[in-house]
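Notes for the structure review
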4 protein chains.
Amino acid sequence: MIKLTTFGESHGAAIGGVIEGCPAGLKIDRKFIADELVRRATGKTSSESQRRESDEVEFLSGLLDDVTLGTPIAYIVRNTDARSEDYEALKDAFRSSHADYTYQAKYGIRDWRGGGRASARTMLPYVVAGAIAKQILKQKGIEIHAEVKSIGGETEASKIEALLTRCRAEGDSVGGIVHCSIKGLPAGLGEPLDDKFQACLAKAMFTIPAVKGFEYGDGFAMASMRGSEANDQMTDDESGSVEFLTNHSGGIQGGITNGEEVFFNVAFKPIPTIGRGDRHDVCALPRAVVIVEAMAALTVIRLGG
Amino acid sequence: MIKLTTFGESHGAAIGGVIEGCPAGLKIDRKFIADELVRRATGKTSSESQRRESDEVEFLSGLLDDVTLGTPIAYIVRNTDARSEDYEALKDAFRSSHADYTYQAKYGIRDWRGGGRASARTMLPYVVAGAIAKQILKQKGIEIHAEVKSIGGETEASKIEALLTRCRAEGDSVGGIVHCSIKGLPAGLGEPLDDKFQACLAKAMFTIPAVKGFEYGDGFAMASMRGSEANDQMTDDESGSVEFLTNHSGGIQGGITNGEEVFFNVAFKPIPTIGRGDRHDVCALPRAVVIVEAMAALTVIRLGG
Amino acid sequence: MIKLTTFGESHGAAIGGVIEGCPAGLKIDRKFIADELVRRATGKTSSESQRRESDEVEFLSGLLDDVTLGTPIAYIVRNTDARSEDYEALKDAFRSSHADYTYQAKYGIRDWRGGGRASARTMLPYVVAGAIAKQILKQKGIEIHAEVKSIGGETEASKIEALLTRCRAEGDSVGGIVHCSIKGLPAGLGEPLDDKFQACLAKAMFTIPAVKGFEYGDGFAMASMRGSEANDQMTDDESGSVEFLTNHSGGIQGGITNGEEVFFNVAFKPIPTIGRGDRHDVCALPRAVVIVEAMAALTVIRLGG
Amino acid sequence: MIKLTTFGESHGAAIGGVIEGCPAGLKIDRKFIADELVRRATGKTSSESQRRESDEVEFLSGLLDDVTLGTPIAYIVRNTDARSEDYEALKDAFRSSHADYTYQAKYGIRDWRGGGRASARTMLPYVVAGAIAKQILKQKGIEIHAEVKSIGGETEASKIEALLTRCRAEGDSVGGIVHCSIKGLPAGLGEPLDDKFQACLAKAMFTIPAVKGFEYGDGFAMASMRGSEANDQMTDDESGSVEFLTNHSGGIQGGITNGEEVFFNVAFKPIPTIGRGDRHDVCALPRAVVIVEAMAALTVIRLGG
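What you see is a predicted model; the values in this text were computed from it and never measured. In this numbering scheme, every chain counts its residues from 1 along its sequence in written order. Think of it this way: whatever chain is written first is A, whatever ligand is written first is 1, and the rest follow in order. Two thresholds apply to this predicted model, a pLDDT of at least 70 for residue-level local features and 80 or more for giving and counting side-chain atom pairs, whereas whole-chain, interface and lining totals are computed over all residues. Derived side-chain values reflect all non-hydrogen atoms in the structure, with water molecules and hydrogen atoms excluded from consideration.

**Observations concerning helix H5 (residues 197–205) of chain A**
For H5 of chain A, the buried fraction is high: nine of the nine residues fall into the buried class. Each residue is placed in one exposure class: buried if its accessible area under a 1.4 Å probe, protein chains only, is under 20% of its type's maximum, exposed if it is over 50%, and partly exposed if it falls in between. For helices the rule is a DSSP run of H or I covering at least 4 residues; for strands it is a run of E covering at least 2, with both sets numbered from the N terminus onward. Listed in full, the buried residues belonging to H5 of chain A are Phe197, Gln198, Ala199, Cys200, Leu201, Ala202, Lys203, Ala204 and Met205 of chain A.

**Structural notes on the interface of chain D and chain C**
Across the contact, 87 residues belong to chain D and 87 residues belong to chain C. Together, the buried faces of chain D and chain C total about 6,500 Å²; carbon and sulfur atoms form 57% of this surface. Reported buried area values correspond to the accessible surface (1.4 Å probe) lost by two parts on association, with both partners' losses combined. Three residues, Leu193, Lys212 and Arg226 of chain D, lead the burial of chain D against chain C; their summed loss comes to 12% of the area buried on that side. For this analysis, a salt bridge means a side-chain nitrogen from Lys or Arg found within 4 Å of a carboxyl oxygen belonging to Asp or Glu. Linking chain D to chain C there are eight salt bridges. The residue Asp172 of chain D makes a salt bridge to Arg226 of chain C at a minimum N-O spacing of 3.7 Å. The term polar contact refers here to a pair of N or O atoms within 3.5 Å; inside protein, the definition further demands a hydrogen-donor-capable atom paired with an acceptor-capable atom, and it admits residues adjacent in sequence only when both atoms are side-chain atoms. Counting every contact that joins chain D to chain C gives 39 residue pairs in polar contact (both at pLDDT 80 or more). Nonpolar residues are Ala, Val, Leu, Ile, Met, Phe, Trp, Tyr, Cys and Pro. Charged residues are Asp, Glu, Lys and Arg, and all others, Gly as well, are polar. Of the residues assigned to the side of chain D that touches chain C, the class counts are 41 nonpolar, 29 polar and 17 charged. Two strands form a pair only when DSSP identifies at least two bridges running between them. Here three bridges tie strand S9 (residues 211–216) of chain C to strand S9 (residues 211–216) of chain D, and the two strands are oriented antiparallel to one another. Along S9 of chain D, the bridge assignment pairs Glu215 of chain C with Gly213 of chain D. Two residues form a contact once any of their heavy atoms are found within 4.5 Å.

**Regarding the environment of Leu124 of chain C**
All names here are of chain C. Along the chain, Leu124 turns up in helix H3 (residues 124–139). For Leu124, a relative accessible area of 1% puts it in the buried group. Note: C-alpha distance between Leu124 and Ala41 (83 residues apart in sequence) is 9.0 Å. Leave out the neighbours within four places in its chain, and Leu124 touches Ile15, Leu37, Arg40, Asp55 and Val77.

**Describing the relation of the copies chain D and chain C**
Two copies of a chain can be linked by a rotation about an axis combined with a shift along that same axis. Superposition of chain D onto chain C requires a rotation of 180° combined with a translation of 0.0 Å along the rotation axis, giving an RMSD of 0.0 Å. What we have between these two chains is a two-fold relation. Take the interface residues of chain D: 100% of them recur as interface residues in chain C, which is what a same-surface contact looks like. Alignment of the copies relies on least squares applied to C-alpha atoms, considering only residues that score at least 70 for pLDDT in both.

**Focus: the relation of the copies chain B and chain A**
Once chain B has been moved 0.0 Å along the axis and rotated by 180°, it coincides with chain A to within an RMSD of 0.0 Å. The fraction of interface residues of chain B whose copies in chain A are also interface residues reaches 99%, indicating that both copies meet through the same surface.

**Looking at the sheet that holds strand S6 (residues 73–78) of chain D**
Backbone-to-backbone hydrogen bonds pair the strands of a sheet. The strands run either parallel or antiparallel. Residues and elements named next belong to chain D. If you trace the four strands from one edge of the open sheet to the other, you get S1-S2-S6-S3, paired in antiparallel fashion. Lying at the two open borders of the sheet, with one neighbouring strand each, are strand S1 (3–7) and strand S3 (57–59). Here the strands of the sheet are splayed against their neighbours by 20° on average, with no regard to which way each runs. Sheet analysis places S3 next to S6, joined by three bridges and oriented antiparallel. Looking at S6, one finds that Phe59 is bridged to Tyr75. The angle between two axes is taken between their N-to-C directions and runs from 0 to 180 degrees, where each axis is a line fitted to C-alpha atoms and a helix contributes only its stretch in contact.

**Overview of the interface of chain B and chain A**
Interfaces are often sized by the accessible area lost when the parts come together. Opposite the 87 residues of chain B that make contact, chain A presents 86 residues. With both sides pooled, the region where chain B packs onto chain A buries about 6,600 Å², and carbon together with sulfur makes up 57% of that total. Three residues, Leu193, Lys212 and Arg226 of chain B, lead the burial of chain B against chain A; their summed loss comes to 12% of the area buried on that side. Summed over the shared surface of chain B and chain A, the result is eight salt bridges.

Structure below.
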């Protein structure tokens, strides 16, 4: 049972994580981890991206010659671009729809330099652990794939491009939806009540900053359906194995996987930082894809996949 | 920190729960608990309902003259209507879109009598614990209120009635959406990453059978918004306190409550049991309302509310 | 991973437990469970004891025809001998070396009827769960055996008898030591730091009322030893398997079992209730033996045995 | 509720920890932390020791100008003296009474360089966290003090010195007992069953390498006592407050502190590495004192002290 503990503020010395419970004897794939970090940093795969490297991971424990020892795997990424003076003005101001105010209310103190623990950069340690989780899952034939389904309500590439250009010109930002699919899952993952597969998935997705909605299978559309259209029929063949004719359920029944594809949508609100010129992102969606995959991979691993 | 452990199959001897960490010295309100169980059983309040009693709770521990001792509070409800012979035919069959197959796949055995641990009746212990949680929250000025927002896509009472009548006639079922609001929350509840307020809420909601989607604040609609419309402006008044002008965020920023109303929608698929005549429900929504409230109350308590 | 939640005061309606994570498909041995409860109630095995039955267990969930379903197994034992009037005088008094005062200090309220949650009777649910754990372990060749090692410093049966007679005459009580052995454990159980095998065992033993000391292997005696006498030599035979020549370590190194016998001692203080005439026990040790075994069995199961 | 996650092998890149749940707004005392690490490294206080510095801690997160933010505090200590070539011979050998064999049995792989995760050096992150815990406890008037009670059975300074000299000459090692006292605890800490104060203390102590026994209050001696000598009488004064006349119980009744001093003994076996000449320690006890204190401090904090 993999357990991940993460730490770090966006403009502190470093961010990182500790993975406990990783099986011993796994040769970790450093190239794959680096590629996933490029996806997080650029929203593009390492082959599409001009950047070959981005955030550099240092492993501190749990490995001997890149093979896992079964003991806790700790890793850090130094925060190099820590121009905290850029944020000096924020020391005494709460930015709208950021977490500045809520952190102050909760702790009576906050790291005002660029989001601190509320920054999207805190997802980085999840991407590293997710890369290791994906490696383990791949060996078992489980594949996770996410992609941008829509941005600002648009689903067509050219319309999306035009929208993003418009937003950039206007100094505005825009939200969107990521779709994710998990194939190759065995039947039987998830627990009857307190750790239902979909409940753990949902919790993982809402850990990602800016997520406002989650649905799986046919999701919200099922609220308008009749039972007669929503039910997934199945057939017993002679050998006793079961075949599902449809998959409105999204691969889960009673909180437990049925062996079909699990698929879900995650809705992101627009980035709250707007009107700041070149340096800021217009849309988090391309960079969120690898994060959704990582959180899904960690959930599957945690539930025994 | 309240922790709830539940147990029980729909047609076993009893279902129940154990509440750990309930503060000592609370006089529990048995009438209120009974009323909440009437809502769960009938979808109506005890004043609307003709049934005065439904499931009878027996408390086994943790109370002295109905006052909490601080020790675990165990309670059970006997399953009286356990006509297991009704289900004899299901012993060797998997019902479509039920959990029969997934339980069999997971455990190699299942309680085939009426849903077993996958039955909606397993929510009953959550309703009891939720009633106690609500009592504690009410003393702190926190109120939770859920209601049916739509059934089968209809939002108007007369149209809903017509739709339900049609479904009943056709032996069909229908889904819907429950809306829930939490008022009076202090700012500062929820944790920065692994226990974000919305993530814990989402996990709790997906524990309820038939839930397929969850969104909070403006939810999925925010995926089509621009930052300039989605951001919640706030004002500092002279005393240093903060006022929010809008609440697209749904009362949470960076995983932590900001003191505004938290509100969310929960999408339910249609009940999978169809074509069975009188005895079955056409729509779970009216009975789900109190369950949504209970799960919300337990989440708020667990996060320190 | 078996998880046990217990509840109940000695003079409330019932005491009991909920076992989560018990493997599905196990036929539970009700006779064995009943025999273990006789040992707890009388300090004798069911064949030595004149009482055939003692506390009657009712299983509420998690079983179908006595076979485990993989879902939570809840069980209760009603408290029949609840003469709370006997304790009326204790309502406003703190008995010396009992938990009356500390419960009052912690909770501001307490169940004054016969010890409440601090009563040794709260061990009963552990004995039931321990009996199921033993059944599982036995199938894997793991056997747990405890026995009284000494009472009041005496180790010889006739001297112990004489001492107990004297204590009874004087209205006094006396402490003692229980020795326990676990045979058949595989090498590799326990975690490097936070869940060392011995640490989990120790925690389990100190959960038992009146326990004041725990040592494993050669224990406290090793504090006076030299390394040259304390070290356990081992030999590699040709096949690569390892043989230990001594077992001062008590079957554990670095928190992890090495495949040798694990053995340990548990020290009990005298029962604090004295001078009360016939009804009270002079010595808890004979009845503690089965509790020590149960706690050991639950620990081994929890650590993967 | 402070939670500590630790990581690191003795000869890997670094060892360290992540403290979650530390209250916000605490100015950490770096000088005190450094002094505690000198105690761990040398067995002497920083004023007795000639070494002014030892292991250097780098804090990576959770602090702003040395003030805690309420977010996870991560810290590392680099392993500088990592002469792994010294250990090359151990690659294929199991040292007697070390954890080499058990790690190999558990994981199928081990870090053979100097103990890896089983090294006493893994206690270092606990000492850092313990120093922070002590700082918090001190503000509440809770003081923890440990000292060497005996070495090799000797309790007198001159005899201990002679014994250590003899062991050094003979290339042997020796065990001993550490006594620890916790003063200023409020009544009411600890839980009735699964987290009794003494059970959590015991678990923490058995996390320390080489610990073979734990007793609190009068401990094993109580196994030979009568109830009439073991019971702690108390008086109610007029104001209703309670005074204890003796403290055989060691400040805990029914798993919950009673406001008196908590005291306990921890037995250490001799260091298993013997016959290695100058470089190795003869006795771990002097260096273990600060570790016992740290583990006690973390336990008290975790239980709400």
